[in-house]
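# Overview (structure and organization)
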Amino acid sequence: MQALLDVILPVFIVIGAGYLASWRKLLTDNAIDGLMGFTQTIAVPCLLFRAMWQLDLGEYFRFDLLFSFYAGAVTCFFVAMLGARFIFGRDWEDSVVIGFCGLFSNSLLIGLPITEQAYGEDALNGNYAIIAMHSPLCYAIGITAMEIARARGTELRRLPITITRSLFRTPMVIGITIGIVFNLLNVELPHPMTEALGLLTRTALPCALFALGGVLFRYRPEGDLRTILFVCALSLGLHPLITYSLGTAFALPTDAFRSAVVTASVAPGVNAYVFANLYGRAKRVAASSVLLATGMCIITTWAWLHLLP
């Protein structure tokens with residue numbers, strides 16, 4: 001119970017404050033959108049740039065860590081997509097979006113702050129390694145599957161161009177890429193710039209959590225409850241179970257094991273709804289899955305924390 005109070009609740013109190021501010025009209029939708037835009041376009045990419053720039057790539061980009069996490073994520077993608085198609089009778093395009101909901105954990109806005117609250121800032125290197133791969137890999141899988149589902153005639157020939165353009169228009173992917181380049185080239189920045197970068201990045205997670213609460217207020221759960229609960233069960237149950245099992249089999253170091261399991265145990269990210277909105281498919285399932293699973297992971301993530309060393 002103490003872990004719930006000390007680790008998880010502070011994160012969700014900030015989310016709840018954003019939800020309350022939006023509900024009580026203390027901030028307009030435009031203000032919430034502006035705050036989320038600031039975090040996703042500027043603050044969070046700067047945070048990821050600094051993390052990639054300072055990360056020991058050789059030590060923390062471990063095959064066993066990444067495989068433990070992403071084997072679970074990809075499994076959930078296929079189970080969610082095939083379940084949506086053959087259990088719930090959705091068409092293939094809807095099914096890809098529902099699969100993406102099972103694939104895309106909220107690794108940044110929930111996984112990162114919970115790991116930091118539980119184990120300290122020094123335990124985040126595994127999280128950053130996962131996050132570095134998260135958007136590029138998940139969007140590549142989602143876009144590829146959707147374009148195949150929508151393909152007509154020769155459109156598949158344009159698939160690599162479509163994927164590349166989509167990825168490198170994403171500020172977070174740009175921040176990660178520049179950070180890795182700076183890391184590999186051993187680039188140094190003047191002290192005033194690193195201090196300014198530090199000031200900016202310290203705003204990233206609190207502002208993002210608050211804005212997430214405001215955005216979630218708009219996603220009212222409605223309809224498709226069986227499909228939504230199916231997605232929640234995969235995201236909050238199957239994904240961390242696979243990651244925990246593989247991490248144990250690989251004998252992952254403690255910090256890496258914690259990062260992988262905590263990140264796997266959190267709800268689908270808002271990008272699941274962004275992906276649904278991009279293609280105009282299964283938006284209600286995506287929005288409601290994000291909202292419901294975010295609330296449910298207060299309890300489920302607490303349970304997974306109790307299983308970790």
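In this text, all values refer to a predicted model and were calculated from it rather than measured experimentally. (Residues numbered from 1 in each chain as written. Predicted model: local features only at pLDDT ≥ 70, side-chain atom pairs only at ≥ 80, totals over all residues. Heavy atoms only, no water.)

Glancing now at unusual backbone geometry. You will see that Lys 25, though not glycine, has its phi angle at about 60°, which is positive. The residue Lys 25 is located in the loop between α1 (2–23) and α2 (29–54) in this model. The exposed category is assigned to Lys 25, whose relative accessible area is 61%. For Ala 282, which is not glycine, the phi dihedral falls at a positive 50°. As for its placement among the helices and strands, Ala 282 is situated in the loop between α14 (270–279) and α15 (283–307). (Helix = DSSP H or I, 4+ residues; strand = E, 2+ residues; numbered from the N terminus. Buried < 20%, exposed > 50% of the residue type's maximum accessible area, 1.4 Å probe, protein only.)

For the rest of this paragraph, the subject is the packing of aromatic side chains. Taken as a whole and assessed by the stated rule, the structure comprises 18 aromatic pairs. Aromatic side chains Phe 86 and Trp 92 sit 5.8 Å apart centroid to centroid with 85° between the ring planes, which places their arrangement in the edge-to-face category. Residue Trp 92 is classed as partly exposed on the basis of its relative accessible area, which comes to 37%. An aromatic cluster is present here, built from Phe 100, Phe 104, Tyr 139, Phe 275 and Tyr 279 joined pairwise through their rings. The ring of Trp 23 has Arg 24 lying over it, and the distance from NZ or CZ to the ring centre is 5.1 Å. (Phe/Tyr/Trp six-rings, centres within 6.5 Å; stacked < 30°, edge-to-face > 60°. Lys NZ or Arg CZ within 6 Å of the ring centre and 35° of its normal.)

Right, let's get into the packing of helix α5 (residues 92–103) against helix α7 (residues 125–150). Between α5 and α7, the least distance of the axes is 9 Å, while the angle of their chain directions is 170°. Relative to α7, the element α5 lies roughly antiparallel. Where α5 crosses over α7, the two elements pack in a sense that is right-handed. Taken together, the residues of α7 that come into contact with α5 (itself represented by Trp 92, Glu 93, Val 96, Val 97, Phe 100 and Leu 103) are His 134, Cys 138, Tyr 139, Ile 141, Gly 142, Ala 145, Met 146, Ala 149 and Arg 150. Considered class by class, the residues forming the contact of α5 with α7 number 11 nonpolar, 2 polar and 2 charged. (Axes fitted to C-alpha atoms, helices over the stretch in contact; angles between N-to-C directions. Parallel < 35°, antiparallel > 145°, perpendicular 65-115°, else oblique. Left-handed = near helix turned anticlockwise from the far one by under 90°. Contact = heavy atoms within 4.5 Å. Nonpolar A, V, L, I, M, F, W, Y, C, P; charged D, E, K, R; others polar.)

So, about the pattern of salt bridges. The full count for this structure, using the stated rule, is 8 salt bridges. Residues Asp 64 and Arg 62 are paired through a salt bridge, measuring 2.7 Å at the closest nitrogen-oxygen approach. A relative accessible area of 13% means that Asp 64 is categorised as buried. With a closest N to O distance of 3.4 Å, Asp 224 and Arg 90 form a salt bridge. (Salt bridge = Lys/Arg side-chain N within 4 Å of Asp/Glu carboxyl O.)

To continue, consider the state of the cysteines. One pass over the full model with this rule turns up 0 disulfides. Among the cysteines around Cys 46, which has no disulfide bond, Cys 207 carries the closest sulfur, lying 13 Å off. Since its relative accessible area comes to 22%, Cys 207 is described here as partly exposed. (Disulfide = S-S within 2.5 Å.)

Time to look at α2. Here α2 contains 26 residues, and its C-alpha end-to-end distance of 36 Å stays within 8% of the 38 Å for a straight helix at 1.5 Å per residue. The largest bend in α2 comes to about 40°, at Thr 39. (Expected span 1.5 Å × (residues − 1). Bend = angle between axes of the 7 residues up to and from the residue.)

Right, let's talk about the side chain of Asp 94 for a bit. Secondary-structure assignment places Asp 94 in helix α5. Here Ala 282 takes part through its backbone nitrogen, which lies 3.4 Å from a polar atom of the side chain of Asp 94. Non-local contacts of Asp 94, meaning those with residues more than four positions away in its chain, are made with Arg 281 and Ala 282. (Polar contact = N/O pair within 3.5 Å; in protein donor to acceptor, adjacent residues only side chain to side chain.)

Taking 1.5 Å per residue, 12 residues should reach 16 Å; α5 reaches 16 Å between its end C-alpha atoms and fits that length. Burial within α5 is extensive, with 11 of its 12 residues counted as buried. All of the buried residues in α5 are Glu 93, Asp 94, Ser 95, Val 96, Val 97, Ile 98, Gly 99, Phe 100, Cys 101, Gly 102 and Leu 103. On its buried face, α5 sits against α4 (63–86), α7, α12 (225–250), α14 and α15. Where α5 begins, one side-chain oxygen reaches toward the backbone nitrogen of Glu 93, 3.2 Å away; that side chain belongs to Asp 91.

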